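Reading the structure
Each chain is listed here by its residues.
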Amino acid sequence: MKIKFIIIIGFSFLLCSCDCQVLVKGKVISSINGKPISGAKIEMVDRNLNSTTDNSGNFRIGEITGRCYAPKIKVTYEGYKPFEIELESDSDYQNYKLKKESKSVDFEEPFYPDPNDRNTFISSTWIEKYSEDFEMKSDSLIIYLDEDNPAKEIELIKQKFKNKNVLQ
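Read on for an overview of the structure. (Residues numbered from 1 in each chain as written. Predicted model: local features only at pLDDT ≥ 70, side-chain atom pairs only at ≥ 80, totals over all residues. Heavy atoms only, no water.)

1. Some details on the sheet that holds strand β4 (residues 58–65)
Hydrogen bonds between backbone atoms are what pair the strands of a sheet, whose relative direction is either parallel or antiparallel. Read across the open sheet, the 4 strands follow the order β4-β1-β11-β10; overall the sheet is mixed. Of all the strands in the sheet, the pair left with one neighbour each is β4 and β10 (133–137). For this sheet, the mean inter-axis angle between neighbouring strands, taken without regard to orientation, is 25 degrees. Inspection of the sheet shows β10 paired to strand β11 (residues 140–145) by 5 bridges, in the antiparallel sense. Bridging from a neighbouring strand, Phe 134 pairs with Ile 143 of β11. (Pairing = 2+ DSSP bridges. Helix = DSSP H or I, 4+ residues; strand = E, 2+ residues; numbered from the N terminus. Axes fitted to C-alpha atoms, helices over the stretch in contact; angles between N-to-C directions.)

2. With respect to the sheet that holds strand β7 (residues 94–98)
What the 5 strands build is an open sheet, ordered β3-β2-β5-β6-β7; its pairing is antiparallel. Every other strand in the sheet has two partners, leaving β3 (49–52) and β7 as the edge strands with one partner each. Across the sheet, the axes of successive neighbouring strands diverge by a mean angle of 20 degrees, strand direction being ignored. Pairing between strand β6 (residues 83–89) and β7: 5 bridges, direction antiparallel. Its bridge partner being in β7, Glu 86 is matched across the sheet by Lys 97.

Function cannot be read off these values alone, since they describe shape.
Written as structure tokens, this is what we have:
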């Protein structure tokens, strides 16, 4: 009798155990020209899962596991800033945690926003190390990768200061 009871309880636990499918799908696009990025590396952080985008920039990455978790993915592609996001979801909400980090960049020469005022200058600025733009469409993640070009970003920052000075 005890053996039957133990077998029934064990079988019940086996039937009650759940598998969870953790799946992230989406598309990687260049924020510069709006075109899909083919061959971008998609990595599920803290897991041994990797994928790449197809010719249309689409990807799918995931696994079936005994425990559901909030997937964290990292997207990398040569010449672009990486993108990293953790996706938490429940039946009532969707939460996104973006990896953000700035880095200081020194100018080669001091920059004078007002050429007539040599007392006010800028010698460095902060730029983002990660791409940050994304959107959710239906159940897909659309990721926009930014070009990794600090010199171009510095020039854009200088131009903003010049334009701001002209308007004043």
